[in-house]
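Remarks on the overall topology
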Amino acid sequence: MPKYNTLMSSNIVHRYFKKELEGSTIMVRVNPVHFKGTELVIDSRGRVESRDLEFDEAIFDDLAADDFKEASAMEFQLYASGLAGI
């Protein structure tokens, strides 16, 4: 049974959010179990800045209050890997 518990703890489904600003886009990946994540800032030329973040339990309310919308995991991964915005 320990294998099952280990497997379950590694199968976290992250949530992704996006907000368009003047000339840039902010994308956020949130681990809803550990409240850690990554923020990508994509400028108008497609350059990406990334930073790791730690959140609290109110992160989803905060993102909604700041007008972030649910986003695509694929889009986030393309920018994070450098395959988009080239």
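Because the structure is a prediction, the values reported are computed rather than measured.

Here's the deal with the overall build of the chain
For the chain, the helix and strand inventory stands at 3 helices and 5 strands. Listed N to C, the secondary structure of the chain is α-β-β-β-β-α-β-α in terms of helices and strands. Within the chain, buried positions represent 28% of all 86 residues. Residue pairs at least 24 apart in sequence account for 41% of intrachain contacts in the chain once pairs closer than 6 positions are excluded. Taken as a whole, the chain presents about 6,200 Å² of accessible surface, with 53% of it coming from carbon and sulfur.

So, a nonpolar patch on the surface
On the surface, M74, L78 and L83 cluster together into a nonpolar patch covering about 340 Å² of accessible area. Residue M74 is classed as exposed on the basis of its relative accessible area, which comes to 63%.

Things to note about the nonpolar core
F17, I26, V28, V30, F35, L53, F55, I59, L63 and F68 form the largest nonpolar core, which has 10 residues in total. Elements with a contribution of two residues or more to this core: β2 (24-31) and α2 (59-65). Looking at this core, the element that brings in the most residues is β2, giving 3 residues. Counting 7 residues, the second largest nonpolar core, distinct from the first, contains M27, I42, F76 and A84.

A closer look at the sheet that holds strand β5 (residues 69-70)
A sheet is described by the order of its strands in space; here 5 strands give the open sequence β4-β3-β2-β1-β5, paired in antiparallel fashion. Edge positions in the sheet fall to β4 (48-54) and β5, since each has one partner strand and no second. With 7 bridges connecting them, strand β3 (residues 36-43) and β4 associate as antiparallel partners. The partner of K36 across the bridge, within β4, is E54. Of the strands in this sheet, β1 (15-21), β2, β3 and β4 are in contact with helix α3 (residues 73-81), which crosses β2 at around 110°.

Conventions we followed
- Residues numbered from 1 in each chain as written.
- Predicted model: local features only at pLDDT ≥ 70, side-chain atom pairs only at ≥ 80, totals over all residues.
- Heavy atoms only, no water.
- Helix = DSSP H or I, 4+ residues; strand = E, 2+ residues; numbered from the N terminus.
- Buried < 20%, exposed > 50% of the residue type's maximum accessible area, 1.4 Å probe, protein only.
- Contact = heavy atoms within 4.5 Å.
- Areas by Shrake-Rupley, 256 points an atom, 1.4 Å probe, with all protein chains shown as cover.
- Patch = residues over 30% accessible without salt bridge, like charges linked within 9 Å, V, L, I, M, F, W, Y side chains within 5 Å.
- Salt bridge = Lys/Arg side-chain N within 4 Å of Asp/Glu carboxyl O.
- Core = buried A, V, L, I, M, F, W, Y, C linked by side-chain atoms within 4.5 Å.
- Pairing = 2+ DSSP bridges.
- Axes fitted to C-alpha atoms, helices over the stretch in contact; angles between N-to-C directions.

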